[in-house]
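The residues making up each chain are set out below.
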Amino acid sequence: MLALLLALVVPRLRPPTGTLLVAVSGRSAGSFQVSPLMIHGGGQWVALGDVSGAVPAAPQERDLKAVSVKVGTYDGVRLGTDLQSVSITVTAGQVEPILLGIEDGHLIPGAAYAGNDEVNLGLGELSGKFVPMPAFDLVDRSGQPFNQATTAGKDLVIAAFHTTCHETCPLYTALFFQISNHMPSGVTLAEVTTDPATDTPAVLTDYAQRVGAKWTFATGSAEALTAFWKPFGVQLATGDTHVSTLAIVDSHGYVRLVYRGVPDVGSAMPPALVTGLSARGLQELASHGDGWGAPDVLKALLTIAGPRQPAPTPGGKAPSFTLTGTDGRQVSLAGLAGKPVVINFWATYCPPCRAEMPLLQRQVGSQSGVQLVLVNEGDSSRAARDFLDSLSIHQPALLDSDLGVGHAYGAVALPMTVFVRADGTIAARHIGQLDAAVLASYLSNLVSK
C-alpha cells in the first residue's frame with residue numbers, strides 16, 4: 001500500500017532532452033514532397049514528424065523543424081525512403097543542428113551533417129566552395145603508406161617538389177622549415193614528388209637528412225602520382241620546369257586553399273638549401289617571390305585547424321582584447337570592466353549564428369547591467385554589417401579579422417558564447433546554438449554572483 005501511495009504522489013521523472021534543429025540545402029534550388037523524417041538510435045527509429053517544401057541553394061539553408069529529442073547518440077537519418085549514416089549527439093539543454101543535402105527531392109548520398117562544424121562544412125561542400133581530395137595511395141621515404149587512412153583526422157599542407165629542382169623547390173622546403181616552427185598541432189607537412197623515376201624512398205631519405213627536414217616526403221608510381229596531382233593541375237616533371245603548388249587539405253579531406261608560384265621565404269635559408277639554388281633560384285629568393293609566405297599559410301591553418309592553446313575554463317580570467325567595430329570605434333575588454341559581459345563569436349556563413357542572434361539581442365538586452373558583445377570571426381566589415389542589418393540588429397560588431405581573439409577564447413566551432421562576470425572571470429562557455437531556456441539559466445547565474 002505504501003509503495004502504491006508513493007507511486008501516486010511522486011511524479012515520474014522525464015528523461016533529459018535536447019533540441020534537434022533540422023535544416024535543408026542543395027547544390028541548386030528545388031523542393032521535395034511531404035516525407036516522414038526519422039533518426040536512428042538505440043536500435044530503433046525515432047519519428048520526428050513530416051517535412052516538405054522548398055530547398056534553397058547552398059550556402060543558404062532552410063530550417064525544417066526543431067524537435068525535442070531524448071539525450072543520447074544516434075547513427076542515422078531517414079527522409080522518406082532515403083537512408084543516410086550520420087553521427088548525431090544530443091546533449092541536455094543544447095541545440096544540435098543537422099543539415100540534409102537534397103537534390104531532385106531526395107537525400108544526396110553522403111550529404112548529411114550533424115554539429116556546427118559539420119553543418120558549416122556541408123554548406124561549403126554543397127555550394128562547391130570545398131572540393132573533396134580524391135583517394136590517393138603513396139609511400140613516404142620509409143616505405144610506409146601515405147594515404148587517406150594514415151592522414152585521417154589531420155590537416156595537410158602539401159607541396160609539389162622534386163630533388164632535381166634548383167629553383168622553386170628549395171624555396172618550398174625553406175618555407176616548410178618556417179611553417180614547422182609555428183604550426184598548430186594536428187597538422188601534417190608533406191612534400192610530394194613530381195619525379196617518381198628519380199625520387200625513390202632512398203633518394204628522399206638522403207635529401208631529408210642532408211637538409212635536416214623531419215616532415216613527410218612522399219613518392220609512388222607514375223600512375224599514382226599522376227592521379228594525386230591531377231586535381232591541382234600539376235603534371236609530372238623533372239629538372240627546373242614544373243608547376244609550383246602548395247595546397248591545404250582540412251581534416252575532413254576537403255581542399256581549402258591552393259597557392260601557386262614562388263613563396264617569399266625572406267633572406268634566411270638553411271645553407272644546405274642555398275647551395276642547391278641555381279642562378280635563377282637565387283634571383284627568385286632575392287625577389288621575395290609572389291608575395292605570399294609562411295605567415296599567410298599559418299594564418300590559413302589557424303582558421304582551419306582551430307586554436308593552438310587550450311580554451312580558458314570557467315573561473316579563469318577572460319583573455320584581454322582590443323578590437324575595432326563595424327562603426328570604426330575601438331572596444332577593449334578592459335573598457336567593459338565592472339559589469340557582466342556576454343561575448344558571442346559568430347560568422348556570416350554560420351546558420352546557427354543567424355538563428356540565435358535575435359534571441360541574444362532580446363534576452364541579453366533585457367537583462368539590466370549585462371553587456372552584449374558581438375565578435376565577428378574573419379568577415380569584412382561590410383559583410384558583417386549586412387548580416388546584422390538583415391536581422392534588424394543595429395548594434396555594431398567587433399571585427400576579429402585575424403581570428404586571434406577567437407582562438408584565445410577557444411572558438412573551435414561557431415557560434416560560441418562566453419559569459420564573463422563583472423570581475424573579469426569566466427562564468428561559463430557555451431559552444432553551439434543557445435535556446436531560450438539555456439540562455440536564461442546562464443544569465444541568471446551571471447547576474448546573481
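For the structure itself, look to the data block above.
Rules of the game
- Residues numbered from 1 in each chain as written.
- Predicted model: local features only at pLDDT ≥ 70, side-chain atom pairs only at ≥ 80, totals over all residues.
- Heavy atoms only, no water.
- Pairing = 2+ DSSP bridges.
- Helix = DSSP H or I, 4+ residues; strand = E, 2+ residues; numbered from the N terminus.
- Axes fitted to C-alpha atoms, helices over the stretch in contact; angles between N-to-C directions.
- Buried < 20%, exposed > 50% of the residue type's maximum accessible area, 1.4 Å probe, protein only.
- Contact = heavy atoms within 4.5 Å.
- Core = buried A, V, L, I, M, F, W, Y, C linked by side-chain atoms within 4.5 Å.
- Phe/Tyr/Trp six-rings, centres within 6.5 Å; stacked < 30°, edge-to-face > 60°.
- Right-handed = clockwise from strand over helix to strand, strands pointing away.
- Left-handed = near helix turned anticlockwise from the far one by under 90°.
- Salt bridge = Lys/Arg side-chain N within 4 Å of Asp/Glu carboxyl O.
- Disulfide = S-S within 2.5 Å.
- Lys, Arg positive; Asp, Glu negative; His and termini not counted.
- Polar contact = N/O pair within 3.5 Å; in protein donor to acceptor, adjacent residues only side chain to side chain.

Next up on the list: the sheet that holds strand E21 (residues 398-400). An order of E21-E20-E19-E22-E23 is seen for the 5 strands of this open sheet, with the pairing classed as mixed. The two strands at the open ends of the sheet, each matched to only one other strand, are E21 and strand E23 (426-431). Ignoring which end each strand starts from, the neighbouring axes of this sheet average 20° apart. Bridging between strand E22 (residues 416-420) and E23 involves 5 bridges; their strand directions are antiparallel. Residue Val420 lies in a different strand from E23, and its bridge partner there is Ile426.

The next subject is unusual backbone geometry. Positive phi, normally seen in glycine, also occurs at Asp104, with a value near 55°. As for its placement among the helices and strands, Asp104 is situated in the loop between strand E7 (95-103) and strand E8 (106-114). In the Ramachandran plot, Ser392 falls in the positive-phi region, its phi being about 55° despite a non-glycine side chain. Residue class for Ser392 comes out exposed when judged on its relative accessible area of 54%.

Residue position: Thr245 is located in strand E15 (residues 245-249). Excluding its chain neighbours within four sequence positions, the residues that come into contact with Thr245 are Ile158, Ala159, Ala160, Tyr172, Phe232, Val234, Val258, Tyr259 and Arg260.

Right, let's get into the nonpolar core. Among the nonpolar cores identified, the biggest contains 45 residues, and Val342, Ile343, Phe345, Trp346 and Tyr409 are the most heavily contacted of them. At the level of secondary structure, the elements contributing two or more residues to this core comprise strand E19 (341-346), helix H9 (351-365), strand E20 (371-377), helix H10 (381-390), E21, E22, E23 and helix H12 (436-447). One finds Leu171, Ile179, Met269 and Ile304 within the second-largest nonpolar core, a separate group that totals 37 residues.

Each aromatic ring pair is summarised here by two numbers: the centre-to-centre distance and the angle between the ring planes. The tally for this structure, following the rule as stated, stands at 16 aromatic pairs. Pairing Phe136 with Phe146 gives two aromatic rings, centres 5.6 Å apart and planes at 45°, and the pair type is tilted. Of this pair, Phe136 sits in the loop between strand E9 (131-132) and strand E10 (137-140) while Phe146 sits in strand E11 (residues 145-147), placing them 10 residues apart in sequence. Under the relative-accessibility criterion, Phe136 is labelled buried at 9%. Among the residues examined, Phe146 registers a relative accessible area of 4% and is labelled buried. With 5.8 Å between their ring centres and 70° between their planes, Trp229 and Phe232 make a pair best called edge-to-face. Judged by relative accessible area, which is 0%, Trp229 ranks as buried.

Turning to the pairing of strand E13 (residues 187-193), a few remarks are in order. Burial analysis of E13 places 7 of its 7 residues in the buried class, which makes it a mostly covered element. In E13, alternate side chains face the same way, and those of Val187, Leu189, Glu191 and Thr193 on one face and Thr188, Ala190 and Val192 on the other are all buried. Judged from the 7 bridges that link them, strand E12 (residues 155-161) and E13 form a sheet pairing that is parallel. Of the residues in E13, the one forming a bridge with Phe161 is Thr193. With respect to chirality, the unit in which E12 leads through helix H3 (residues 168-180) into the neighbouring parallel E13 is right-handed.

Turning our attention to the sheet that holds strand E14 (residues 216-219). Strand order in the open sheet formed by 8 strands is E9-E16-E15-E12-E13-E14-E10-E11, with mixed pairing between adjacent strands. The sheet is open, and its two borders are formed by E9 and E11, each paired with just one other strand. For E10 and E14, the ladder comprises 2 bridges, and the chain directions are antiparallel. Residue pairing across strands places Asp140 opposite Ala218, the latter belonging to E14. In the packing of H3 onto the sheet, contacts are made with E12, E13, E15 and strand E16 (254-260), and the angle to E13 comes to roughly 170°. Across the face of the sheet, helix H4 (residues 201-211) comes into contact with E10, E12 and E14 while running at roughly 155° to E14.

A few words now on the packing of H9 against H12. One way to put it is that H9 packs onto H12 with a least axis distance of 11 Å and a crossing angle of 35°. As H9 packs across H12, the resulting crossing turns out to be right-handed. Contact residues: H9 offers Leu359, Leu360, Gln363 and Val364, while H12 offers Ala436, Leu439, Ala440 and Leu443.

Buried residues dominate E12, accounting for 7 of its 7 residues. The side-chain alternation of E12 yields two buried faces, one formed by Asp155, Val157, Ala159 and Phe161 and the other by Leu156, Ile158 and Ala160. In terms of strand pairing, E12 meets E15 through 4 bridges, oriented antiparallel. By the bridge assignment, Ile158 is partnered in E15 with Ala247.

Turning to the pattern of salt bridges, a few remarks are in order. Summed over all chains, the structure comprises 5 salt bridges. A salt bridge links Arg27 to Glu103, with the shortest nitrogen-to-oxygen separation between them at 3.1 Å. Note that Arg27 is positioned in the loop between strand E1 (17-25) and strand E2 (30-41) and Glu103 in strand E7, a separation of 76 residues in sequence. Judged by relative accessible area, Glu103 falls into the partly exposed class, the value being 34%. Of the charged contacts in the structure, one is a salt bridge between Arg280 and Glu284, with a shortest N-O distance of 3.9 Å. Separated by 4 residues within a single helix, Arg280 and Glu284 lie in helix H7 (residues 279-286), roughly one turn from each other. Owing to a relative accessible area of 11%, Glu284 belongs among the buried residues under this scheme.

Here we come to the state of the cysteines. Applying the stated criterion across every chain yields a total of 0 disulfides. Here Cys165 is not disulfide-linked; the sulfur of Cys169 is the nearest cysteine sulfur, at 3.1 Å. Since its relative accessible area comes to 1%, Cys169 is described here as buried.

This paragraph deals with the side chain of Asp199. Position of Asp199 among the secondary structure elements: in the loop between E13 and H4. Nearest to the buried, unbridged Asp199 among oppositely charged side chains is Arg210, at 8.5 Å. Here the side chain of Asp199 touches Thr193 through a polar contact of 2.5 Å, side chain to side chain.

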